[in-house]
Amino acid sequence: MSALLEVEGLTAGYGAAPVLHDVSLTVQPGEIVAVLGANGAGKSTLLRALSGLLPIQKGRISLEDRDLTKIKVEHLVRHGIAHVPEGRGVVTELTVEENLRLGGLWRKPQPSLEPIYELFPRLAERRTNEGHQLSGGERQMLAIGRALAAQPRLLLLDEPSLGLAPKVTAQIMALLRDLRDRTGLAVLLVEQNVRSALSVADQGIVLSLGRIVTRHDAATLVDDAELRHAYLGF
Amino acid sequence: MDRFLFLTFDGLSRGAVYAAFALALVLIWRAARIVNFAQGAMAVATAYVAYSVADATGSYWIGFLVAVVAGLLLGAGVERVVMRFVDHSSPLNGVVVALGLVLIIQGVLGMIYGNEFRPAAAPFSRDAFEIGGVALLSRYDLFVFGAVGAVVVLLTLLFTRTPTGLRMRAAAFAPDVSRLLGVPVGGMLTLGWALAAAVGSLAGMLVIPTELGLHPTAMDIVFISAFTAAVLGGLDSPIGAVLGGLIVGLLLSYISGYLGATVAPMAVLALLVVVLLSRPDGLFARSKARTA
Ligand SMILES: Nc1ncnc2c1ncn2[C@@H]1O[C@H](COP(=O)(O)OP(=O)(O)O)[C@@H](O)[C@H]1O
Ligand SMILES: [Mg+2]
């Protein structure tokens, strides 16, 4: 079986000097891959290069053998990829309901939002509130809910735990695990919060200065004290 | 008292046109963060085309329709061919390009149609009929109110009730996020320009018969009034634009009625300066200052 996402030798950056160097990784259907690393390691850059927000300089990105670099950003959702950018990307001027509708807008007929509201009852209560009225946790739920409204196969999730209480972070991680198990959703999960990410991930990849310095099963990364000290600093 | 009432209705009728024209400016501001200083010239260009068609076909209404369609096309064209390639890192660039467009459009219109005023017929009588013994409103005024009201209602429905309206708003507020959600952001921008220019053309068709007629610069004063209205309304707010338009219309009507018509253009400029200095976010601002 071919991988869902396959990245080979990816080099990308903002100017002439690349930020990412020769990054290769694969994500299988129904797999959660955590991308870990310090602030500035290039995690967000990786996701932006994958979704085409940032042009790539070298390398290959394929989605089930289709060349992803040839697909326009705005067609990405049609190919089953949803990217929740860092800082959540809630459209603060729109209501909760409008943000969610936006997620499923490309589908015909447009999907019901009820499953999303069942997943996040809090969003149902805040349906008519505008994005700027939401708390950090609510915004994160909204951004994830909106991505799920597009019914993706692959979720690119950039630091969902940023600024959230540990309890909320744990809820979100539990949700990811549940979605993977129930629907076969694959997730490329960018996190600085190593413990949370590895609590749900199947694989862990550590980025440092734009290069992959190690990759292992999540369980191995957690259990192996030497690896943990060397790459994750705990 | 009768005079005051008359001036009030006259002001509301003018104000409705300013409201529509201000709405066009707000549409582009919201979509592209550009004040389209070429809006007036674009509207005049489509009005010339409309009256040529009306002359050729003998039907004002075919001409009117042509004005709106030509506005759509011209707006889309200006965005696709010109504005898309303007470097928006400095807000001045868009302004300079728009002013350049004004010169080009007015020059071309002058070459084709000449630089004298041409009569522009109104589709309805502009003679006021009496209400309660006072001559207040003409059929033409009613047409203006109806047309502007229809524009406001249709735009409101478009933006609040349709998927395309939601896409347009999202694309304007958060282009990158919208793209990731599958919104064709470039297309929404083109559509925004097209709609705005069509509304501008419609406003031009409404106002030109009430002024001196067709002339390449026929919309210059109207532009300033409508721009003042849009700024008054906060530049970001459709409702603000409509209210601003009505306020400017009323003020101008009272000023030309009581102080003389020659004072009115000065009064608009003075109002614009006062608003920019004292309430740059508009009368109805509730949040942060806008940024270009
Ligand atoms: N828009 C940008 N323009 C130029 N450089 C950037 C930009 N965004 C990030 N960088 C640089 O790229 C590197 C990686 O950043 P980023 O991918 O955001 O890291 P992370 O998400 O791992 O914290 C950093 O050195 C950062 O300074
Ligand atoms: Mg980041």
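Residues numbered from 1 in each chain as written. Chains lettered and ligands numbered in written order. Predicted model: local features only at pLDDT ≥ 70, side-chain atom pairs only at ≥ 80, totals over all residues. Heavy atoms only, no water.

Per an unreviewed UniProt entry, chain B goes by the name Branched-chain amino acid ABC transporter permease and belongs to Paractinoplanes ovalisporus. Annotation of chain B in UniProt includes, under Subcellular location (unreviewed entry), the sentence "Cell membrane". (UniProt positions renumbered as here; feature names shortened; annotations may be inferred.)

Under an unreviewed UniProt entry, the name given to chain A is ABC transporter ATP-binding protein, and the source organism is Paractinoplanes ovalisporus. As stated in UniProt under Sequence similarities (unreviewed entry), the record for chain A gives "Belongs to the ABC transporter superfamily."

Caption draft 1: Here's a closer look at the site of ligand 1. Residues and elements named next belong to chain A. In the vicinity of ligand 1, the contacting residues are Y14, V19, A38, N39, G40, A41, G42, K43, S44 and T45. For ligand 1, an oxygen atom lies 2.7 Å from a polar atom in the backbone of G40. Residue S44 places a side-chain N or O atom 2.7 Å away from an oxygen atom belonging to ligand 1. The fraction of the free accessible surface of ligand 1 (560 Å²) that becomes covered by protein chains is 59%. When the residues that make up the shell around ligand 1 are grouped by side-chain class, the tally is four nonpolar, five polar and one charged. (Near = heavy atom within 4 Å. Polar contact = N/O pair within 3.5 Å; in protein donor to acceptor, adjacent residues only side chain to side chain. Areas by Shrake-Rupley, 256 points an atom, 1.4 Å probe, with all protein chains shown as cover. Nonpolar A, V, L, I, M, F, W, Y, C, P; charged D, E, K, R; others polar.)

Caption draft 2: Here's a closer look at the sheet that holds strand 3 (residues 32-36) of chain A. Residue and element names in this part refer to chain A. Pairing is mixed in the open sheet, where six strands are placed in the order 6-7-8-3-9-10. In the strand order of this sheet, the two ends are held by strand 6 (81-84) and strand 10 (211-217), each with one partner. Within the sheet, the average angular offset between the axes of one strand and its neighbour, ignoring direction, is 15°. Both strand 7 (residues 154-158) and strand 8 (residues 186-191) contribute to a ladder of five bridges, which runs parallel. Residue pairing in the sheet places L155 in a bridge with V187 of strand 8. Contacting strand 3, strand 9 (203-208) and strand 10, helix 9 (residues 225-232) runs over the sheet at an angle of about 155° to strand 10. (Pairing = 2+ DSSP bridges. Helix = DSSP H or I, 4+ residues; strand = E, 2+ residues; numbered from the N terminus. Axes fitted to C-alpha atoms, helices over the stretch in contact; angles between N-to-C directions. Contact = heavy atoms within 4.5 Å.)

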